[in-house]
Amino acid sequence: MALLKTSTTLSFRATAFPLLPSDVTHAPNTRKLHWKPTQAALTSSFHLPMRSFEAKNRTSTDDIKCLRLITAIKTPYLPDGRFDLEAYDTLVNLQIENGAEGVIVGGTTGEGQLMSWDEHIMLIGHTVNCFGAKIKVIGNTGSNSTREAIHATEQGFGVGMHAALHINPYYGKTSLNGLISHFNTVLPMGPTIIYNVPSRTSQDIPPQVIQTLAQSASLAGVKECMGNDRVKQYTDNGIVVWSGNDDQCHDARWSYGAMGVISVTSNLVPGLMRELIFGGENPALNSKLMPLIEWLFCEPNPIGLNTALAQLGVVRPVFRLPYVPLPLKKRMEFVNLVKDIGREQFIGDKDVEVLDDNDFILIGRH
């Protein structure tokens, strides 16, 4: 059995693995190569090169770190379940007019989990093209599949998003080392916010993981839902944090050092949320907003928000299943909340209504 003396290369997609002469044999009367790996190897991720205009228009991580009010924007629908881009544009414009500095596109609130990736990337690109000069566009391109997260994030930055939002793998959970490896595959692509919400993922991202990832210049910060003690733990160590809990964001901002909030409530009252985050400590305003915030989260988000926006007349009363509107009693409560806070504080110019069950359209296939 003679050894092959020449150097041979075995290629898989974009990664080449050199074969050592000791690893290659030439069997008699055959032309088959027998390859045995000397060791397992983790190769660096391969990313598509950016075109020149994409590189020129990239946003720095520091530009993302200074954002204070970021709205997790709602995605409205037409009666056939397709995106209602006219209503969507109105919602984004109202955020800009009322002082929001960024929007999360296709997050949990925006129902990215109910979108195809084609829809998802299209909506990110649409938002960038229409509003990217006026507000930072942060695309939710995270996934519990590292392969999908890589692909979606490449596409998101390819269509111009300013930053990515990434959640830790859910359902098929991984180890702490797996979390670090997962996030490290996407961090090099651009500014990144990591989202920690154990109530949805069933796994906390502990501080030691975030502190390891903070070595990357691309980590803009953390959207943190584990309470203000965790917020302070990060801010004391120089890591930027946005509160992921509207009911805690006032104290997170003014007592625990958070940069601001990634908010659901700001979809409805962006002006008041800006005042809460920009205007200094204001316990009276915080107390005024608390009944609305509690109402919004009486069922899993975005059920309350979808119901409220429909009652305000700014979106059609169309739900993609499995989300369904809040029951009639809760819809009546919302009308009273609007009156208590003041209709002028909410977006839109129509009178708030109590919609009947038959007014809502539920879409299963779209």
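Residues numbered from 1 in each chain as written. Predicted model: local features only at pLDDT ≥ 70, side-chain atom pairs only at ≥ 80, totals over all residues. Heavy atoms only, no water.

The name given to the chain in an unreviewed UniProt entry is 4-hydroxy-tetrahydrodipicolinate synthase, with the source organism recorded as Stylosanthes scabra. The UniProt entry for the chain carries the following comment under Function (unreviewed entry): "Catalyzes the condensation of (S)-aspartate-beta-semialdehyde [(S)-ASA] and pyruvate to 4-hydroxy-tetrahydrodipicolinate (HTPA)." Listed under Pathway (unreviewed entry) in UniProt, the entry text for the chain is "Amino-acid biosynthesis; L-lysine biosynthesis via DAP pathway; (S)-tetrahydrodipicolinate from L-aspartate: step 3/4." (UniProt positions renumbered as here; feature names shortened; annotations may be inferred.)

Read around the closed barrel, eight strands run 5-6-7-8-9-10-11-12, paired in parallel fashion. The sheet shows a mean angle of 25 degrees between the axes of neighbouring strands, direction not considered. Here strand 5 (residues 69-72) runs beside strand 6 (residues 102-105); their pairing, made up of three bridges, is parallel. The partner of Thr71 across the bridge, within strand 6, is Val103. (Pairing = 2+ DSSP bridges. Helix = DSSP H or I, 4+ residues; strand = E, 2+ residues; numbered from the N terminus. Axes fitted to C-alpha atoms, helices over the stretch in contact; angles between N-to-C directions.)

Here the focus is the side chain of Gln311. Inspection of the secondary structure puts Gln311 in helix 13 (residues 303-311). On the basis of relative accessibility, which here comes to 0%, the residue Gln311 falls in the buried class. Those residues in contact with Gln311 that sit more than four places away from it in its chain are Arg331, Phe334, Val335, Asp351, Val352, Glu353, Val354 and Leu355. (Buried < 20%, exposed > 50% of the residue type's maximum accessible area, 1.4 Å probe, protein only. Contact = heavy atoms within 4.5 Å.)

Below, the discussion takes up the pairing of strand 7 (residues 136-140). Burial analysis of strand 7 places four of its five residues in the buried class, which makes it a mostly covered element. Looking at chain direction, strand 6 and strand 7 are connected through four bridges and run parallel. Counted as the bridge partner of Val103 is Val137 from strand 7. On the question of chirality, the crossover connecting strand 6 to the parallel strand 7 by way of helix 4 (residues 117-131) is right-handed. In this structure, strand 7 lies alongside strand 8 (residues 163-167), joined through three bridges in parallel fashion. Looking at strand 8, one finds that Ile138 is bridged to Ala163. Viewed along the sheet, the connection from strand 7 through helix 5 (residues 146-158) into strand 8 turns out right-handed. (Right-handed = clockwise from strand over helix to strand, strands pointing away.)

Along the polypeptide, Thr192 turns up in strand 9 (residues 192-196). On the basis of relative accessibility, which here comes to 1%, the residue Thr192 falls in the buried class.

For the rest of this paragraph, the subject is the nonpolar core. One finds Leu268, Phe334 and Phe346 to be the most contacted residues of the largest nonpolar core, which totals 66 residues. Looking at which element gives the most residues to this core, the answer is helix 12 (residues 283-296), with seven residues. Discounting residues that sit within four places of it in the chain, Phe334 has contacts with Leu268, Leu292, Trp295, Ala308, Gln311, Leu312, Phe346 and Val352. (Core = buried A, V, L, I, M, F, W, Y, C linked by side-chain atoms within 4.5 Å.)

What follows concerns unusual backbone geometry. The omega torsion across Asn301 and Pro302 is 15 degrees, close enough to zero to call that bond cis. As for its placement among the helices and strands, Pro302 is situated in the loop between helix 12 and helix 13. Residue Pro322 is bonded to the preceding Leu321 through a cis peptide linkage, with omega at 20 degrees. Residue placement: Pro322 occurs in the loop between strand 13 (318-320) and helix 14 (328-341). One non-glycine residue, Ser202, lies in the positive phi region at around 65 degrees. Along the chain, Ser202 turns up in the loop between helix 7 (198-201) and helix 8 (207-213).

Once that is clear, we can look at the packing of aromatic side chains. One pair of aromatic rings is described through two measures. These are the centre distance and the angle between the planes. Inspection of every chain in the model, using the stated rule, returns four aromatic pairs. Note on Phe319 and Phe360: the rings are 5.7 Å apart at their centroids and 75 degrees apart in plane angle, and the pair reads as edge-to-face. Pair noted here: Phe319 is in strand 13 and Phe360 is in the loop between helix 14 and strand 14 (361-363), with a separation of 41 residues, a long-range link. By the burial criterion, Phe319 is buried, and Phe360 matches it. By the ring-pair criterion, three or more aromatic residues cluster together here, those being Trp295, Phe334 and Phe346. Positioned over the ring face of Trp254 is Arg253, at 4.6 Å from the centre of the ring. (Phe/Tyr/Trp six-rings, centres within 6.5 Å; stacked < 30°, edge-to-face > 60°. Lys NZ or Arg CZ within 6 Å of the ring centre and 35° of its normal.)

Residues Asp351, Glu353, Asp356 and Asp359 make up a contiguous surface patch of negative charge. Turning to its location among the elements, Asp359 is positioned in the loop between helix 14 and strand 14. Here Asp359 falls in the partly exposed class, since its relative accessible area comes to 35%. (Patch = residues over 30% accessible without salt bridge, like charges linked within 9 Å, V, L, I, M, F, W, Y side chains within 5 Å. Areas by Shrake-Rupley, 256 points an atom, 1.4 Å probe, with all protein chains shown as cover. Salt bridge = Lys/Arg side-chain N within 4 Å of Asp/Glu carboxyl O. Lys, Arg positive; Asp, Glu negative; His and termini not counted. Charge placed at Lys NZ, Arg CZ, Asp CG, Glu CD.)

Roughly 890 Å³ of internal volume is contained in the largest pocket. If you list the elements that add at least two residues to the lining of the largest pocket, you get helix 4, strand 8, helix 7, strand 12 (260-263) and helix 12. Here the lining of the largest pocket is built from residues that sort into 17 nonpolar, 18 polar and six charged. (1 Å grid on protein atoms, 1.4 Å probe; cavity = no way out; pocket = protein on both sides within 12 Å on 5 of 7 lines; lining within 4 Å. Points joined across faces, edges and corners; volume = space filled by probe spheres on them. Nonpolar A, V, L, I, M, F, W, Y, C, P; charged D, E, K, R; others polar.)

Turning our eyes to something else, we now look at the pattern of salt bridges. In this structure the tally under the stated criterion is 10 salt bridges. For Glu101, the salt bridge identified is with Arg68, shortest N-O distance 3.0 Å. Residue Glu101 is found in the loop between helix 3 (85-97) and strand 6, and its partner Arg68 is found in the loop between helix 2 (61-65) and strand 5; the two are separated by 33 residues along the sequence. The exposure class of Glu101 is buried, given its relative accessible area of 19%. Asp357 is the partner of Arg331 in a salt bridge, and the nearest nitrogen-oxygen pair spans 2.6 Å.

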